[in-house]
Amino acid sequence: MRITELFKKKTVFSFEVFPPKNDSPVDVIYNTLEELKNLSPDFISVTFSAGGSGNGHLACDVASKIKEYGIIPMIHLPCINYTKSEIDSTLAEIDARGIENILALRGDVNPDIPPKTDFSHASDLVTYLRSKGNYDIAGACYPEVHPDAANAVEDIKNLKIKVESGAEHLISQLFFDNSSFYDFREKATIAGINVPIEAGIMPVVNKKQIERMVTTCGASLPKKFVRIMQKYGDNPDALRDAGIAYAVDQIVDLAANGVDGIHLYTMNKPYVAKRISEAVSGIVGAD
Ligand code: FAD
């Protein structure tokens, strides 16, 4: 099923998982999926070599497993480090497994690896995918502006190019301050970007994640969030509960403000996904 159709019926509730790193056993993710499937998300997306993890070759296997469970899979497809013929090989695998939903991405530029030259931006991949088949194509967006963009105006103009190239819905980068999402959504609407935008929500449930968030992701941290992290940072159980509660609070507010969908970065933690899903089951994802 094409994910775009879902937005016409409901506030979509989706999950994101990542394949295991190369040195981890593949079964771990299958156990995770076994638990996530019981939560009946509208779709589950699978990252592809995110953060240069090199696990892209497992993404199709994981997406196939999701399909076997009767859940719609979406596969992420970054392009900056691949040639057209490498993308074609991955597309052949995607087609063979009957996967029709693709999140078209540029991918992060690794300072130690010169990028390939066939695709410069995600919009180039979107155009290419449109020429190759009848895929349901999504793109990424950044409520707090992509770090490479000169400014918010340029970033929105570039996002419009991606949508005009054929991205039918968008999934946002994580954020902790809903007002940044609302400001971005307003700017996008003014720019004529009218496709559904799912809000990316990451429950922060351990100290390592907080440290990573502060150094790499660039998301602004509201006072309320910082206070919670300072208070519970050294108490794993309390931090997990507080992180779940914070994510639930964000989701309820987003739904009340008419969000098109929630994309939960599960970090492959079914327990956390379950607690959040149960807390918002009457609000998002319901038919
Ligand atoms: P683009 O849309 O190409 O944007 C990147 C930058 O280029 C922006 O600053 C933009 O303003 C600018 N730009 C875009 N188009 C143009 C244009 N036509 N002309 C000039 N400038 C332009 N990475 C992975 O490797 N694997 C994953 O599985 C993965 N999953 C992700 C899932 C989500 C929901 C998100 C938000 C990100 C994910 N990423 C993943 C990370 C992503 O690849 C990086 O954030 C990357 O730096 C940008 O990708 P993009 O597709 O948004 O790029």
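Scroll up to find the structure this text is about.
Predicted model, so just to flag it, every value in this text is computed and none were measured.

Conventions and cut-offs
All residue numbers here refer to positions counted from 1 along the written sequence of the relevant chain. Side-chain atom pairs in this predicted model are given and counted only at pLDDT of 80 or more, local residue features only at pLDDT of at least 70, and totals for whole chains, interfaces and linings cover all residues. Processing note: side-chain calculations cover all non-hydrogen atoms of the structure and skip hydrogens and water entirely. Nearness is defined per residue: one heavy atom within 4 Å of the molecule or strand is enough. Any N or O atom pair separated by 3.5 Å or less is treated as a polar contact, with the protein-specific requirement of one donor-capable and one acceptor-capable atom, and with residues adjacent in sequence counted only for side-chain atom pairs. Working definition of accessibility: Shrake-Rupley area with a 1.4 Å probe, residue cover restricted to the visible protein chains. Helix and strand assignments come from DSSP, with helices taken as H or I runs of at least 4 residues and strands as E runs of at least 2, each series counted from the N terminus. Classes in brief: Ala, Val, Leu, Ile, Met, Phe, Trp, Tyr, Cys and Pro nonpolar; Asp, Glu, Lys and Arg charged; the others, Gly included, polar. In summary, the pairing rule links any two rings of Phe, Tyr or Trp, Trp by its six-membered ring, whose centres are within 6.5 Å, and it sorts them by plane angle into stacked for under 30 degrees, edge-to-face for over 60 and tilted for everything else. The cut-offs for exposure are 20% and 50% of the maximum accessible area for each residue type, with area from a 1.4 Å probe on protein chains only; residues under the lower value are buried, those over the upper are exposed, and the others partly exposed. Counted as over-ring charges are cases with an Arg CZ or a Lys NZ within 6 Å of the ring centre that also lie within 35 degrees of the ring normal. When checking whether two residues touch, look at their non-hydrogen atoms; a contact exists if any pair is within 4.5 Å. For two strands to be treated as a pair, DSSP must find no fewer than two bridges joining them. Angular values range over 0 to 180 degrees, each being the angle between N-to-C directions of two axes fitted as lines to C-alpha atoms, with helices fitted over their stretch in contact. When the strands point away from the viewer and the connection leading from the first strand across the helix to the second strand turns clockwise, the crossover is called right-handed. Here roughly perpendicular refers to angles of 65 to 115 degrees, roughly parallel to angles under 35, roughly antiparallel to angles over 145, and oblique to all remaining angles. Handedness of each helix crossing follows the sense of rotation of the near helix against the far helix: counterclockwise by less than a right angle gives left-handed, clockwise gives right-handed. Counting rule for disulfides: a pair of cysteine sulfur atoms within 2.5 Å.

## Here we look at the site of the ligand
As a matter of local geometry, the ligand sits amid 26 residues, with Asp108, Tyr142, His146, Asp155 and Lys162 nearest to it. At a separation of 2.8 Å, an oxygen atom of the ligand approaches a polar side-chain atom of His146. Its free accessible area being 970 Å², the ligand has 87% of it covered by the protein chains. Of all elements in the fold, only β3 (72-78), β4 (101-105), α5 (122-132), α6 (152-165) and β6 (169-174) reach the threshold of two or more residues within the shell around the ligand. Here the shell around the ligand takes 4 residues from α6, the largest share from any one element. Grouping the constituent residues of the shell around the ligand by class yields 12 nonpolar, 9 polar and 5 charged.

## Describing the packing of aromatic side chains
The final tally for this structure, using the stated rule, is 8 aromatic pairs. Measuring from ring centre to ring centre gives 6.3 Å for Phe181 and Tyr182, while their planes differ by 75°; the resulting arrangement is edge-to-face. Taking the relative accessible area as the measure of exposure, Phe181 reaches 0% and is therefore buried. Its end group placed over the ring of Tyr30, Lys65 keeps NZ or CZ at 5.1 Å from the ring centre.

## Thoughts on the environment of Lys67
In this structure, Lys67 sits in helix α3 (residues 59-68). Spatially, the C-alpha atoms of Lys67 and Ile44 are 9.3 Å apart, while their sequence positions differ by 23 residues. Discounting residues that sit within four places of it in the chain, Lys67 has contacts with Pro73, Arg97 and Gly98.

## Describing the sheet that holds strand β2 (residues 43-46)
Here we have 8 strands rolled up into a closed barrel, ordered β1-β2-β3-β4-β5-β6-β7-β8, and parallel in their pairing. Strand-to-strand twist across the sheet, computed as the mean angle between neighbouring axes with direction ignored, equals 25°. The pairing of strand β1 (residues 12-17) with strand β8 (residues 261-265) spans 5 bridges and is classified as parallel. Across the sheet, the residue bridging to Ser14 is His263, located in β8. Strand contacts of α5: β3, β4 and β5 (136-141), with the helix running at about 145° to β4, the strand carrying the most contacts. Contacts from helix α11 (residues 270-280) reach β1 and β8, with the element oriented near 175° to β1.

## What about the pairing of β6?
The buried count for β6 comes to 5 of 6 residues, which makes it a mostly enclosed element. With 4 bridges joining them, β5 and β6 adopt parallel strand pairing. Bridging across to β6, Cys141 finds its partner in Ser172. You can see the chain leave β5, run along α6 and come back into β6, and the turn it takes is right-handed.

## Notes on the side chain of Thr32
Tracing the sequence through the fold places Thr32 in helix α2 (residues 27-37). For Thr32, a relative accessible area of 7% puts it in the buried group. A distance of 3.0 Å separates a polar side-chain atom of Thr32 from the backbone oxygen of Val28.

## Quick word on the packing of helix α9 (residues 223-232) against helix α10 (residues 236-256)
Relative orientation of the contacting elements α9 and α10 amounts to 165°, with a least axis distance of 9 Å. The pairing of α9 with α10 is recorded here as roughly antiparallel in orientation. Taken as a pair, α9 and α10 cross one another with a handedness that is right-handed. Note on element contacts: α10 touches α9 through Ala238, Leu239, Ala242, Tyr246 and Asp249, opposite Lys224, Phe225, Ile228, Met229 and Tyr232. Looking at side-chain class alone, the contact of α9 with α10 contains 8 nonpolar, no polar and 2 charged residues.

## Side note on the state of the cysteines
Applying the stated rule across the entire model yields 0 disulfides. Free cysteine Cys60: the closest other cysteine sulfur is in Cys79, separated by 16 Å.

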